[in-house]
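# A structural walkthrough
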Amino acid sequence: MLMKTIILSLLIFSSVFAVYAQTGELVLEKGVPAHAEIDAIYKSFSEAYATLDVEKVAALYSENAAYLPPDNDILEGREAIRPTFKSFFDWIKTEGRTMTISFQIFQRKVDKNLGYDVGIYTIRQYRDGKQTGSAGQGKFVTVAVREKDGKWRFQVDGYSNLKPPKK
């Protein structure tokens, strides 16, 4: 009986670990419902950061999206948003770095064509496969819309940095 319990526990643990490993770029906190199409936006966002793909990130925003970066004006429209990511990704490339971004969602509400998320993002930068510096974190609110083509995209994206943890 003890052996069965151990084997069952190992199977459950390995299943949980496998699921977490597959969704490491997006963690939904307890009570936050999954939404395949919106979750796919975050997955694509993470992939675009890993490959420094400006066009992939830009395509995740609606044509008339509002982007609210900290200490800056509101950028309206995909074409106004694209240069922000291009500049950032070009800087990362110039520095010889790569990076990852992951998301932790604390609140989510979605209806037929509109949804919002509140969460924390974490950016890690790497050089030669080793993390450089500490991870950067910030809080964010996104509003996603289902557009006429049936695809979900960000309509609003606002974020700001979190204070670094006290040492």
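Summarised in this report is the structure supplied together with it. (Residues numbered from 1 in each chain as written. Predicted model: local features only at pLDDT ≥ 70, side-chain atom pairs only at ≥ 80, totals over all residues. Heavy atoms only, no water.)

### Brief notes about the packing of helix α2 (residues 36-51) against helix α4 (residues 78-94)
At a closest axis distance of 10 Å, the pairing of α2 and α4 adopts a crossing angle of 45 degrees. Classed by the angle they form, the pair α2 and α4 counts as oblique. Note on element contacts: α4 touches α2 through Phe-85, Phe-88 and Phe-89, opposite Phe-45, Ala-48 and Tyr-49. Class assignment of the residues belonging to the contact of α2 with α4 gives a composition of 6 nonpolar, no polar and no charged. (Axes fitted to C-alpha atoms, helices over the stretch in contact; angles between N-to-C directions. Helix = DSSP H or I, 4+ residues; strand = E, 2+ residues; numbered from the N terminus. Parallel < 35°, antiparallel > 145°, perpendicular 65-115°, else oblique. Contact = heavy atoms within 4.5 Å. Nonpolar A, V, L, I, M, F, W, Y, C, P; charged D, E, K, R; others polar.)

### A word on the sheet that holds strand β1 (residues 26-28)
Read across the sheet, 7 strands follow the order β1-β4-β5-β6-β7-β2-β3 without closing on themselves; strand pairing throughout is mixed. Looking at which strands have only one partner, the edges of the open sheet turn out to be β1 and β3 (75-76). Sheet topology places strand β5 (residues 114-127) next to strand β6 (residues 130-146); 13 bridges connect them, and they run antiparallel. Paired with Tyr-126 across the bridge in β6 is Gln-131. Each of β1, β2 (61-68), β4 (98-110), β5, β6 and β7 (152-161) is contacted by α2, which is oriented at about 165 degrees to β4, the strand it contacts most. Its contacts with the sheet place α4 against β2, β3, β4, β5 and β7, and it is angled at close to 65 degrees to β2. (Pairing = 2+ DSSP bridges.)

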